[in-house]
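Architecture at a glance
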Amino acid sequence: MAILIEDALKQIDEWVEPLHSEIVSLEASLGRILINDVIAVYNLPAFNNSAMDGYAIKHIDEGKEVIVGETIFAGDDSSATVQQGTSLKIMTGARIPMGAEAVVPIEDIEQVSDNIILLPASIRKEQHIRYAGEDIKAGDLLLKAGHKLHAHHITMLASQGISHVYVTKRPRVAVFASGKELKMHFETVAEHQIHNTNTPTFLARAQELGCEVIFIGTSEDTLDDIKAHISSALEGSDLIITSGGVSVGDADFTKEAFESFDYEKYFSKIDIKPGKPTTFGRIGRTYVLNLPGNPLAAAVNFEIFAQSIILKLHNARLPYIGSFKAKMKEDFSQRVGKYTVIPGYYDGEFFSPVEKRSPGMVSPLAVSNAFMITDDKVAEIKENETILLIPTRWQMCTKEKSEIITRNS
C-alpha cells in the first residue's frame, strides 16, 4: 500500500543517521556543515581605527586652524598623541592615536599652509572612528553547529585566524541506472535505444547539495548484473540512488536484486504522481533510494526524498525541505485523487505551471525553477490564489518540519 508523502519524509527523518565529523582546512570548508559552535576569540576590529583617510583631531578644535603632525599609515605602531591645536594625518585602517576624538576626512578640510589646516565648523564627536569589537566581540557566538558554510562565513572565520574547522563528512552518493535500452551521453545510441539522463541528473544534483558522487554505470535488466552494480555501489557509499526497475514489469529486477543483500525496506510505494514506485531502505550502514525510470518522475522525487536524506546525513542546522508562498499566475485545473507534483516557473510573485509535464519528459524541469505539490482533493486553483512552492534552483530549508503541500481550501 502506498504511503503519504509526509509519512515517507517521517520515515527518512526517523531512520537516517547523520554522518561523523572530520577536520578540514578553511580553504576546503565551502559548503560544509559545522559540527560544533564557533566562538570568537578576537575583537573585530582588534583596535580603534580610522574609517577614512583624514585627520585625527580634538573635538574642541572644530572650526579652528590646527598644526598637522606626522602621518599614520595602516599597520604603523605609532606612539604619537593628539593635543589641542594639533592633528595627525591618518590613513584608513590605521590605529587611532591617543587623544584623538574624531577623524575629519581629507576632503572636508581647507589647506592653509604646508602644515596647517582649517577644520570644518561642525564635527561630530567620534565620527569616522571604528571601535574595537564593534563588529565582533571576543566570546560572541559566530556560527552554530549545523551551519552550512558560505563564502561570507569563511570571511568571518578567517577574521578570527581560524585555519581548520570540524565539519560533517560529505555524504558519498553512488549512482547507477538499469535498462539495456540506456546509453550514456558519450555513447552512440541505436534507433531502439535512448540516452541515460537520470544518472547525470542525480550526479549533478548530489554535487550541488554538497555530496561526493560515485558513478557505478548502467546495468543490464538482469538480476546478476544489477547485483554486481549493487556490490560495487556498496563499497564506501553512504547512499545509493538508482533509477528504473522498481515498477512491476517483467524486467524490473531492481527490488529483487537489493533484497538479496539483506535489504531493510522502510517504504516501497508513495502516494505521489509521478513517482509512485519510489522505494527507500538500507543495507548495513548504506541507505538506498530507488527512483522511477521516467526522467521527470525521477527528478522531482529526487528533489523531495533524496534531498531530505542528504540533509539528514549532513546533520544540517536546517534539516527539512521547506516551501515558500506564491500566487497562481492563472486558473489551473487537474484531476483529483492523487497527490501531484507540478513543475513550473516562479517569477518572484506568480507561479506558472509548465504545460507539458508527462513523467517521461526531460524538458519540464529544465525550464522550471520550482514545483508545487497538491493534495488528492485539489481540482482547481484560481488566479491569484496562494500556493506553496519548493524551489529547484536554490535550497529552501527549515529548522522544524513545515507544510510543503498545497491543500484544498
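Small disclaimer: the values here were computed from a predicted structure and weren't measured.

Regarding helix 2 (residues 151–159), the residues found buried are His153, Ile154 and Leu157. What you see down the axis of helix 2 is that its buried residues fit within an arc of 100°, all on one side. Contacts made by the buried residues of helix 2 are with strand 2 (38–39), strand 11 (141–143) and strand 12 (164–168).

Per the counting criterion, the structure on display carries 13 salt bridges. Measuring nitrogen to oxygen at the nearest pair gives 3.1 Å for the salt bridge that ties Glu259 to Lys265. Take Lys265: its relative accessible area is 36%, and that puts it in the partly exposed class. Residues Lys382 and Glu380 are paired through a salt bridge, measuring 3.8 Å at the closest nitrogen-oxygen approach. The class of Lys382 is partly exposed, set by a relative accessible area of 40%. Each of Glu6, Glu403 and Arg407 takes part in salt bridges that share partners, so that together they form one network.

Quick look at unusual backbone geometry now. Here the amide bond leading from Leu44 into Pro45 is cis, since omega sits at -5°, within 30 degrees of zero. Relative to the assigned elements, Pro45 resides in the loop between strand 2 and strand 3 (49–50). In this model, Lys273 is joined to Pro274 through a cis peptide bond whose omega is 0°. Structurally, Pro274 is set in the loop between strand 18 (264–267) and strand 19 (279–283). Of note, the phi angle at His128 is positive, near 60°, even though the residue is not glycine. As for its placement among the helices and strands, His128 is situated in the loop between strand 9 (116–118) and strand 10 (129–130). The class for His128 is partly exposed, based on a relative accessible area of 27%.

A word on the packing of aromatic side chains. Aromatic ring pairs are described here by two measures, namely the spacing of the ring centres and the angle between the planes. Counted by the stated rule, this structure contains nine aromatic pairs. Ring centres of Phe202 and Phe302 lie 5.5 Å apart, and the angle between their planes is 10°; on these two criteria the pair is classed as stacked. Of this pair, Phe202 sits in helix 3 (residues 198–208) while Phe302 sits in helix 6 (residues 295–314), and the two are 100 residues apart along the sequence. Under the relative-accessibility criterion, Phe202 is labelled buried at 0%.

What follows concerns the sheet that holds strand 9. Paired through backbone hydrogen bonds, the strands of a sheet run either parallel or antiparallel to each other. On the basis of which strands lie adjacent, the open sheet formed by six strands has the order 7-4-6-5-9-8 and mixed pairing. Both outer strands of the open sheet, strand 7 (102–105) and strand 8 (110–113), are each paired with one neighbouring strand and no more. Each strand axis lies, on average, 40° off the axis of its neighbour in the sheet, ignoring direction. Direction of pairing for strand 8 relative to strand 9: antiparallel, over a ladder of three bridges.

At a closest axis distance of 9 Å, the pairing of helix 1 (residues 5–15) and helix 6 adopts a crossing angle of 25°. Our classification of the angle between helix 1 and helix 6 gives roughly parallel. Crossing handedness for the pair helix 1 and helix 6: right-handed. Mapping the contact onto sequence places Ile5, Ala8, Leu9, Ile12 and Asp13 in helix 1 and Ile304, Phe305, Ser308, Ile309 and Lys312 in helix 6. Classifying every residue of the contact of helix 1 with helix 6 by side-chain character gives seven nonpolar, one polar and two charged.

A word on the nonpolar core. Core analysis: the largest hydrophobic core is formed by 47 residues, its most contacted members being Ile5, Leu239, Ile241, Phe280, Ile304, Phe305 and Ile373. At twelve residues, helix 6 tops the list of elements feeding residues into this core. Setting aside chain neighbours within four positions, we find Phe280 in contact with Ile12, Val16, Tyr263, Lys265, Tyr266, Phe267, Tyr287, Val288, Leu289 and Ile309. Counting 14 residues, the second largest nonpolar core, distinct from the first, contains Ile136, Leu142, Leu149 and Val165.

On the surface, a cluster of positive charge is made up of Lys269, Lys273, Lys276, Arg335 and Lys338. With respect to the helices, strands and loops of the structure, Lys276 is situated in the loop between strand 18 and strand 19. The class of Lys276 is partly exposed, set by a relative accessible area of 39%.

With that out of the way, let us pick up the side chain of Thr374. Here Thr374 is to be found in strand 26 (residues 370–374). According to the relative accessible area criterion, Thr374 is buried, its value standing at 0%. At 2.8 Å, the side chain of Thr374 and the side chain of Gln334 are in polar contact. Those residues in contact with Thr374, other than ones at most four positions away along the chain, are Gln334, Lys338, Tyr339, Thr340, Ile342, Ile381, Ile405 and Thr406.

Together, Glu330, Asp331, Glu355 and Glu383 make up a region of like negative charge exposed at the surface. Exposure remark for Glu383: the relative accessible area of 46% places this residue in the partly exposed category.

Criteria and cut-off values
- Residues numbered from 1 in each chain as written.
- Predicted model: local features only at pLDDT ≥ 70, side-chain atom pairs only at ≥ 80, totals over all residues.
- Heavy atoms only, no water.
- Buried < 20%, exposed > 50% of the residue type's maximum accessible area, 1.4 Å probe, protein only.
- Helix = DSSP H or I, 4+ residues; strand = E, 2+ residues; numbered from the N terminus.
- Arc of directions from axis to C-beta.
- Contact = heavy atoms within 4.5 Å.
- Salt bridge = Lys/Arg side-chain N within 4 Å of Asp/Glu carboxyl O.
- Phe/Tyr/Trp six-rings, centres within 6.5 Å; stacked < 30°, edge-to-face > 60°.
- Pairing = 2+ DSSP bridges.
- Axes fitted to C-alpha atoms, helices over the stretch in contact; angles between N-to-C directions.
- Parallel < 35°, antiparallel > 145°, perpendicular 65-115°, else oblique.
- Left-handed = near helix turned anticlockwise from the far one by under 90°.
- Nonpolar A, V, L, I, M, F, W, Y, C, P; charged D, E, K, R; others polar.
- Core = buried A, V, L, I, M, F, W, Y, C linked by side-chain atoms within 4.5 Å.
- Patch = residues over 30% accessible without salt bridge, like charges linked within 9 Å, V, L, I, M, F, W, Y side chains within 5 Å.
- Areas by Shrake-Rupley, 256 points an atom, 1.4 Å probe, with all protein chains shown as cover.
- Lys, Arg positive; Asp, Glu negative; His and termini not counted.
- Charge placed at Lys NZ, Arg CZ, Asp CG, Glu CD.
- Polar contact = N/O pair within 3.5 Å; in protein donor to acceptor, adjacent residues only side chain to side chain.

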